[in-house]
Amino acid sequence: NVIENDEILWVIAAIPGVKPDRIQVRLDGGELTISGERPLPDCCTEGELSTWEIPLGRFERHLVPLDGRYPLSIEKTSLQDGLLVIELRKHL
């Protein structure tokens with residue numbers, strides 16, 4: 001999800017079960033990369049996974065928020081109830 005105004009873009013990604021110290025956000029040129037790791041919960045390490053709804057393990061997502069229309073910089077990131085909110089500033 002991307003929300004935009006004249007100065008800022010907010011990118012919102014659902015990443016339930018991922019701790020803040022297991023998330024990396026980087027901006028390289030116009031491409032935003034969100035990567036991290038979602039471990040199997042401690043309660044479930046002795047069983048066999050029979051239904052897979054939420055992907056576990058390492059993940060990486062790539063997004064080109066504005067197709068290069070403006071240079072961007074990461075202002076701040078926060079994790080709120082399983083949603084990663086990334087604030088990107090436009091440099092007009």
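Residues numbered from 1 in each chain as written. Predicted model: local features only at pLDDT ≥ 70, side-chain atom pairs only at ≥ 80, totals over all residues. Heavy atoms only, no water.

A description of the sheet that holds strand E4 (residues 31–38) should follow, citing residues and the corresponding values.
On the basis of which strands lie adjacent, the open sheet formed by 3 strands has the order E3-E4-E5 and antiparallel pairing. Looking along the sheet, the strands with just one partner apiece sit at the ends: strand E3 (23–28) and strand E5 (57–63). The mean angle between the axes of side-by-side strands here comes to 15°, regardless of whether they run parallel or antiparallel. Of the pairings in the sheet, the one linking E4 to E5 comprises 7 bridges and is antiparallel in character. In the strand pairing of E5, glycine 36 is matched with phenylalanine 59. (Pairing = 2+ DSSP bridges. Helix = DSSP H or I, 4+ residues; strand = E, 2+ residues; numbered from the N terminus. Axes fitted to C-alpha atoms, helices over the stretch in contact; angles between N-to-C directions.)

If you had to explain the nonpolar core to someone new, which residues and values would you point to?
Ranked by internal contacts, the top residues of the largest apolar core, which has 14 residues, are Ile15, Ile34, Leu84, Ile86 and Leu88. Going through the elements one at a time, strand E2 (8–14), E4 and strand E7 (83–90) are the ones with two or more residues in this core. Leaving out residues up to four positions away in the same chain, leucine 84 has contacts with Val11, Ile12, Ala13, Ile15, Ile23, Val25, Ile34, Thr77, Ser78 and Leu79. (Core = buried A, V, L, I, M, F, W, Y, C linked by side-chain atoms within 4.5 Å. Buried < 20%, exposed > 50% of the residue type's maximum accessible area, 1.4 Å probe, protein only. Contact = heavy atoms within 4.5 Å.)

Can you tell me about the sheet that holds E7, naming the residues and giving the values?
Pairing is antiparallel across the open sheet formed by 4 strands, whose spatial order is E1-E2-E7-E6. The sheet is open, and its two edges are formed by strand E1 (2–4) and strand E6 (72–80), each paired on a single side. Going across the sheet, the axis of each strand differs from the next one's by a mean of 20°, ignoring polarity. Relative to E7, E2 runs antiparallel, the two sharing 7 bridges. Following the sheet pairing, valine 11 is matched in E7 by isoleucine 86.

Explain the pattern of salt bridges to me, using residue names and the numbers behind them.
Evaluation of the coordinates by the stated rule reveals 4 salt bridges. Measuring nitrogen to oxygen at the nearest pair gives 2.5 Å for the salt bridge that ties lysine 90 to glutamate 4. A residue pair is termed long-range when its members are at least 10 positions apart, and lysine 90 in strand E7 and glutamate 4 in strand E1 qualify at 86 residues. On the basis of relative accessibility, which here comes to 8%, the residue lysine 90 falls in the buried class. The partner of arginine 22 in a salt bridge is glutamate 37, and the shortest N-O contact between them spans 3.3 Å. (Salt bridge = Lys/Arg side-chain N within 4 Å of Asp/Glu carboxyl O.)

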